[in-house]
Amino acid sequence: MEILDEFDISIIKELEKDGRMAFSAIATNLKISNTMVHQRISRLIEQNIITGIKPVLNEKKIGYDWGAFTGITLTKDHDSDKVIEALKNIPEVTECYFITGSFTLYIKLIAKDHDHMRKLLYEKIDTIPGIAKTDSIIELGCAFKRNVTL
């Protein structure tokens, strides 16, 4: 059984063009019923295939000129839940991943300037109980970011 059929893929592609597009406009573009679009989107959300439709912010335009990727080594890997909860309380941490290799977690964070970045790393992240070490690389700009092609 396929998870996504041609209608699901077409609907997702329409939403990728404009996440605010009315269901009726999607239905018209795809020559299907408004009810079908509504049912399909509801099912895709229920199945957690679509995890949300929200604005994508241009961080640079709102004053966050610095970005970094930071590998986090934990004192004990089983402390990861507590560390993740603490990271969720730092609004500038925008992504967090479990990874293999020398780190347990890898995060993306944004800052307004180098002083803000230093404070985030040294005063907020490095002080979280359970973090043994961090290793950061500064981001110089995003070449592209996208969803997987369907």
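Along each chain, the written sequence defines residue order, and numbers are assigned to residues from 1. Per-residue local features are limited, in this predicted model, to residues with pLDDT of at least 70; the limit for side-chain atom pairs, both in listing and counting, is 80 or more; totals at the level of whole chains, interfaces and linings are taken over all residues. The side-chain values count all of the structure's non-hydrogen atoms but skip hydrogen atoms and water molecules.

Q: Quick one: what's the story with a nonpolar patch on the surface, residue by residue and with numbers?
A: A contiguous nonpolar patch, built from W66, I138 and L140 and spanning about 350 Å² of accessible area, is present on the exposed surface. With respect to the secondary-structure elements, W66 resides in strand β1 (residues 66-74). The residues that make up patches have over 30% relative accessible area and no salt bridge, and they are joined within 9 Å when like-charged or within 5 Å when they are Val, Leu, Ile, Met, Phe, Trp or Tyr. Each accessible area is a Shrake-Rupley result for a 1.4 Å probe, and residues are judged covered by the shown protein chains and nothing else. The term salt bridge refers to a side-chain nitrogen of Lys or Arg lying within 4 Å of a carboxyl oxygen of Asp or Glu. Note on conventions: DSSP H or I runs of at least 4 residues are helices, E runs of at least 2 residues are strands, and numbering of each starts at the N terminus.

Q: Provide a residue-level description of the packing of aromatic side chains, including the pertinent values.
A: When the centres of two rings from Phe, Tyr and Trp lie within 6.5 Å, Trp using its six-membered ring, the rings pair. Their planes under 30 degrees apart give stacked, over 60 give edge-to-face, and anything left gives tilted. Considering all chains together, one arrives at two aromatic pairs under this definition. Ring geometry for F69 versus Y106: centroids 6.4 Å apart, planes at 10 degrees, classification stacked. Placement of the pair is F69 in strand β1 and Y106 in strand β3 (residues 105-111), with a sequence separation of 37 residues. Each residue is placed in one exposure class: buried if its accessible area under a 1.4 Å probe, protein chains only, is under 20% of its type's maximum, exposed if it is over 50%, and partly exposed if it falls in between. Residue classification places F69 among the partly exposed positions, given a relative accessible area of 30%. We classify Y106 as partly exposed; its relative accessible area is 24%.

Q: Can you break down the layout of surface pockets residue by residue, with the values?
A: Using only the protein atoms, space was sampled on a 1 Å grid; points where a 1.4 Å probe fits but cannot get out form cavities, open sets with protein on both sides within 12 Å along at least five of seven lines form pockets, and lining residues are those with an atom within 4 Å of a point. Grid points are joined across faces, edges and corners, and a volume is the space filled by probe spheres set on the points. Of the volumes computed, that of the largest pocket is approximately 1400 Å³. Lining the largest pocket are 33 residues, with K54, V56, K145, R146 and N147 sitting closest to its centre. Of all the secondary structure elements, the ones that give two or more residues to the lining of the largest pocket are α1 (6-17), β1, β2 (93-98) and β3. Gly is placed with the polar residues, together with every amino acid not listed as nonpolar (Ala, Val, Leu, Ile, Met, Phe, Trp, Tyr, Cys and Pro) or charged (Asp, Glu, Lys and Arg). Its residues assigned to classes, the lining of the largest pocket comprises 17 nonpolar, seven polar and nine charged.

Q: Break down the side chain of E139 for me, with residues and values.
A: Along the chain, the position of E139 falls in strand β4 (residues 131-139). Note on E139: relative accessible area 15%, which makes it buried. Side-chain atoms alone can form a polar contact between residues adjacent in sequence; in general such a contact is a pair of N or O atoms within 3.5 Å, and within protein one must be able to donate a hydrogen while the other accepts it. Separated by 3.0 Å, the side chain of E139 and the backbone nitrogen of G141 make a polar contact. The contact partners of E139, leaving out residues within four places of it in the chain, are K60, G67, A68, F69 and K108. The criterion used for residue contact is that any of the two residues' heavy atoms lie within 4.5 Å.

Q: Would you mind going over the side chain of T104 in detail, with residue names and values included?
A: For T104, the position within the fold is in the loop between β2 and β3. Overall, T104 belongs to the buried group, its relative accessible area being 13%. Excluding its chain neighbours within four sequence positions, the residues that come into contact with T104 are I72, L74, D77, Y97, F98 and I99.

Q: Residue-level account of the sheet that holds β1, with values.
A: What holds strands together in a sheet is hydrogen bonding between their backbones, with the strands either parallel or antiparallel. The strand order across the open sheet formed by four strands is β2-β3-β1-β4, and the pairing between neighbours is antiparallel. The open sheet has two edge strands, β2 and β4, and neither has a second partner. With strand direction ignored, the average angle separating the axes of adjacent strands in the sheet is 20 degrees. Each axis is a line fitted through C-alpha atoms, taken for helices only over the stretch in contact, and angles between the N-to-C directions span 0 to 180 degrees. Helix-sheet contacts for helix α4 (residues 80-88) involve β1, β2, β3 and β4, and the interaxial angle to β2 is about 165 degrees. Strands qualify as paired when DSSP identifies two bridges or more between them.

Q: Outline unusual backbone geometry, listing residues and values.
A: Positive phi outside glycine occurs at K31, with the angle close to 60 degrees. Within the secondary structure layout, K31 lies in the loop between α2 (23-30) and α3 (34-46). One non-glycine residue with positive phi stands out, namely N48, at about 65 degrees. Here N48 shows up in the loop between α3 and β1.

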